[in-house]
Amino acid sequence: MVTTPNLRKMTVEEFDEFVLLPENTDRRLEYIGGRIVEVVSNMYCSIVAAMIIRWLGKYLIENGDFGWLSAPDGGFKVLGDRYMPDVGFILKSKYPKAPHETWISLPLDLAVEVISPSDDEHDVRAKAVNYLRAGAVVWIVDPDKKVVQVLTPEAAPRLLTLNDTLDGGTLLPGFTLPVKDIFPE
């Protein structure tokens, strides 16, 4: 993530106006702890996020399509901040119709953050803590180390390696994905 060169913190209301300016419409901007952060990725991280979306989408199609998946430009309001997880998931029971808002006000159920070379570790951790506080399951995917950290509000963190299998827990019952299948060669 690249922090914009603003010298002062900004309120969330100022951020909401800032992102609507014509010069910002094509930028992926998040609001993290009072700062504007531009989300910059690379092709490999994008492919990793797409692999996860692909597997989750297949699972949902085969299991009743009970939730909405978002790609890296889907925005969520999380405890006063604004995040764009690489993959987001929200249950249709909470949001029956396809969302059209820029920033969905309901908390998401699953947030997947794929760590990019430009990500600030403090920002990733701050987002993970807020996702958890809002009740979401969090998968932090590290393409360099080829590991997935699974964080849930009710359990201790788990670190999965290439020899492990990621599962959907109670949120996505029956979903399994070998970690090695997330990271294409």
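Our subject is the structure listed above.
Figured I'd write up the structure that's included with this text. (Residues numbered from 1 in each chain as written. Predicted model: local features only at pLDDT ≥ 70, side-chain atom pairs only at ≥ 80, totals over all residues. Heavy atoms only, no water.)

Our next topic: the nonpolar core. Formed by 27 residues in total, the largest nonpolar core has its most connected members in Ile52, Leu110, Trp139, Val141, Val148, Leu172 and Ile182. Those elements that place two or more of their residues in this core are helix H2 (43-62), strand E7 (87-91), strand E9 (110-114), strand E10 (137-142), strand E11 (147-152) and strand E14 (172-178). Ranked by residue count, the leading element in this core is H2, at seven residues. Excluding its chain neighbours within four sequence positions, the residues that come into contact with valine 141 are Val48, Ile52, Val112, Glu113, Val114, Ile115, Val147, Val148, Ile182 and Phe183. (Core = buried A, V, L, I, M, F, W, Y, C linked by side-chain atoms within 4.5 Å. Buried < 20%, exposed > 50% of the residue type's maximum accessible area, 1.4 Å probe, protein only. Helix = DSSP H or I, 4+ residues; strand = E, 2+ residues; numbered from the N terminus. Contact = heavy atoms within 4.5 Å.)

Pairing geometry for strand E13 (residues 165-168) and E14, over four bridges, is antiparallel. Bridge pairing links threonine 165 to proline 178 in E14. Between E13 and E14, which pair antiparallel in sequence order, lie three residues; one of them, glycine 169, sits at a positive phi of approximately 55°. (Pairing = 2+ DSSP bridges.)

This paragraph deals with helix H3 (residues 121-133). End to end, H3 covers 18 Å across 13 residues, agreeing with the expected 18 Å (1.5 Å per residue, within 8%). For H3, the full list of buried residues reads Asp123, Val124, Lys127, Ala128, Asn130 and Tyr131. Each buried residue of H3 sits inside an arc of 165° when the element is viewed along its axis, so together they form one side. Within H3, the exposed residues directed more than 90 degrees away from the buried face are Glu121, His122 and Arg133. (Expected span 1.5 Å × (residues − 1). Arc of directions from axis to C-beta.)

Okay, H2 next. Every α-helix winds through 3.6 residues per turn, so residues three or four apart in the chain are directed the same way. Over its 20 residues, H2 runs 28 Å from end to end, which matches the ideal 28 Å to within 8%, given 1.5 Å per residue. By the burial criterion, the buried members of H2 are Cys45, Val48, Ala49, Met51, Ile52, Leu56, Gly57, Tyr59 and Leu60. Buried residues along H2 sit against strand E4 (67-70), E7, E9, E10 and E14. Backbone nitrogen of tyrosine 44 and a side-chain oxygen of the N-cap are separated by 3.2 Å at the start of H2; the cap is asparagine 42. After H2 finishes, the residue glycine 64 shows a positive phi value of roughly 95°. (Polar contact = N/O pair within 3.5 Å; in protein donor to acceptor, adjacent residues only side chain to side chain.)

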